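Close look at the chain arrangement
One-letter residues, chain by chain:
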Amino acid sequence: MIIDTHCHIDLYPNPNLVIKELEKQNIITIGMTNLPSHFNMGFRHTRNLRKVRLALGMHPLMALNHSSEFPEFYRSLKLTSYIGEIGLDFSREGIETKEIQIDSFNKILEAVSKEKKILSIHSRNAEKKVLEMLRKYKIQNAIFHWYSGGLKLIDEIVDSGYFFSFNTAMVKSEKGKKIIARVPKEKMLTETDGPFIKHNGRIVKSMDLKAVISFLNDIEETKEMEEQISQNFMKLVAKIK
């Protein structure tokens, strides 16, 4: 079973076609959103699907929109078990809104700490702060999406019980390969982060995760990583039921 834990379905050129393909191919997919208003636009299209679920997001790079979106965030929290994309981004692209991001992330984590949710986390150049805040609010179920931080911090993240999701770009880069090699197989998940990644000259599709699974089979010296990923995801889901 292929599982895509982080895909921006609503940002593909034809989201409805993507959804139909995912349902037909039986690919479990968690659709990220960047703001609660985006979640609400897409929710009616996904609420009755078998394989696709929509996550309630508040992307750190859209921090200037956050204050007006929080009422919708709180209203929508009961509609989904998945929260994402959320987190912090202290790269050159996001550093100017650092304090707004931290304030927003505090509010989000405070709200979800009282709920059984699975979080998909953005942590670019802010990995230590993200981990510190997740621990502060005793968050149980989090996935570090496209992690790009230090190798030693991976051990702390794993010890905290959190997961990592890997994509086709990571298995092609030397840094990505080192990160993947550091993560125990019991904490591995897969993602596309589509449509932000190109694969074989086109926008990535969830079925392309077979390439990630093939890479994981090679480094783990097994043929069972697709099943392992499924088990990891199901254990995560079981924790919120």
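Structure first, text after, so check above.
To start, this report covers the structure provided alongside it. These numbers were taken from a predicted model, which means no experiment stands behind them. (Residues numbered from 1 in each chain as written. Predicted model: local features only at pLDDT ≥ 70, side-chain atom pairs only at ≥ 80, totals over all residues. Heavy atoms only, no water.)

**Considering the packing of aromatic side chains**
Selection rule: Here a Phe, Tyr or Trp ring, Trp counted by its six-membered ring, pairs with any other such ring whose centre lies within 6.5 Å, and the pair is stacked when the planes are under 30 degrees apart, edge-to-face when over 60, and tilted otherwise. The secondary structure listing takes helices from DSSP runs of H or I that are at least 4 residues long and strands from runs of E that are at least 2 residues long, numbered from the N terminus. Only protein chains enter the accessibility calculation, which uses a 1.4 Å probe; a residue whose area is less than 20% of its type maximum is buried, one above 50% is exposed, and one in between is partly exposed.
Scanning the model with the defined rule gives eight aromatic pairs in all. A ring pair is formed by Phe70 and Phe73, whose centres lie 5.9 Å apart and whose planes are at 70 degrees; its orientation type is edge-to-face. Separated by three residues within a single helix, Phe70 and Phe73 lie in helix α3 (residues 66-76), roughly one turn from each other. Like Phe70, the residue Phe73 is buried in the burial classification. Measuring from ring centre to ring centre gives 5.7 Å for Phe70 and Tyr74, while their planes differ by 35 degrees; the resulting arrangement is tilted. With a gap of four residues between them, Phe70 and Tyr74 both fall in helix α3, about one helical turn apart. With relative accessibility at 5%, the residue Phe70 sits in the buried group.

**Quick look at the pattern of salt bridges**
Formally: Any carboxyl oxygen of Asp or Glu within 4 Å of a side-chain nitrogen of Lys or Arg constitutes a salt bridge here.
A full pass over the atoms with the stated rule returns 10 salt bridges. For Glu72, the salt bridge goes to Arg75, with nearest N and O atoms at 2.9 Å. With Glu72 and Arg75 both in helix α3, this residue pair falls three residues apart, about one helical turn. Arg75 sits in the partly exposed class, given a relative accessible area of 49%. Lys177 is the salt-bridge partner of Glu174, the closest N and O atoms lying 3.6 Å from each other. In this pair, Glu174 and Lys177 are both assigned in helix α7 (residues 174-182), three residues apart and thus about one turn of the helix distant. Given the relative accessible area of 54%, Glu174 is considered exposed. Here the residues in one salt-bridge network are Asp89, Glu93 and Arg124, joined through shared partners.

**Section: the packing of helix α5 (residues 127-136) against helix α6 (residues 151-159)**
For the record, the criterion: Geometry is summarised by axes, namely lines fitted to C-alpha atoms with helices restricted to the contacting stretch, and by angles between N-to-C directions that run from 0 to 180 degrees. Angular relationships are summarised with four words: roughly parallel below 35 degrees, roughly antiparallel beyond 145, roughly perpendicular across 65 to 115, and oblique for the angles in between. The hand of a helix crossing depends on one turn: near helix anticlockwise from the far one by less than a right angle means left-handed, and clockwise means right-handed. The contact criterion used throughout is that any non-hydrogen atoms of two residues lie within 4.5 Å.
The N-to-C vectors of α5 and α6 enclose an angle of 15 degrees; their axes lie 11 Å apart at closest approach. In this view, α5 runs roughly parallel relative to α6, as classed from their interaxial angle. For the crossing formed where α5 meets α6, the hand is left-handed. Of the residues in α6, those in contact with Glu127, Lys128, Leu131 and Arg135 of α5 are Leu153, Glu156 and Ile157.

**A short note on α5**
Here is the rule we go by: This arc corresponds to the set of directions leading from the helix axis out to the C-beta atoms.
Within α5, burial applies to Glu127, Val130, Leu131, Met133 and Leu134. Buried residues of α5, seen end-on, are gathered within an arc of 165 degrees and therefore sit on one face of the element. Exposed side of α5, more than 90 degrees from the buried face: Lys128 and Lys136 are the residues found there. Of the surrounding elements, those touching the buried residues of α5 are α4 (98-112), β5 (118-122), β6 (142-145) and α6. Downstream of α5 by a residue or two, Lys138 has a phi angle that is positive, lying close to 55 degrees.

**As for the layout of surface pockets**
This is how it is decided: In the cavity and pocket records, a cavity denotes points on a 1 Å grid over the protein atoms alone where a 1.4 Å probe fits but cannot get out, a pocket denotes an open set with protein on both sides within 12 Å along at least 5 of 7 lines, and lining residues are residues with an atom within 4 Å of a point. Grid points are joined across faces, edges and corners, and a volume is the space filled by probe spheres set on the points. Lys, Arg, Asp and Glu make up the charged group, whereas Ala, Val, Leu, Ile, Met, Phe, Trp, Tyr, Cys and Pro make up the nonpolar group; the residues left over, Gly among them, are polar.
Quantified by volume, the largest pocket comes out at close to 320 Å³. When the residues that make up the lining of the largest pocket are grouped by side-chain class, the tally is four nonpolar, six polar and three charged. In this model, the second largest pocket occupies a volume close to 270 Å³. Looking at the second largest pocket, it is lined by 14 residues, and the ones nearest its centre are Tyr12, Val18, Glu21, Ile203 and Lys205. Only α1 (15-25) and β10 (202-203) provide two or more residues apiece to the lining of the second largest pocket. It is α1 that provides the largest number of residues to the lining of the second largest pocket, a total of five residues.

**Some remarks on the environment of Phe233**
Checked against the element boundaries, Phe233 lands in helix α9 (residues 225-238). Under the relative-accessibility criterion, Phe233 is labelled buried at 3%. Once the C-alpha coordinates of Phe233 and Lys187 are considered, the two residues, 46 residues apart in sequence, prove to be 9.1 Å apart. Once you skip the residues sitting within four places of it in the chain, Phe233 turns out to touch Ile3, Thr5, Ile28, Ile30, Tyr82 and Leu189.

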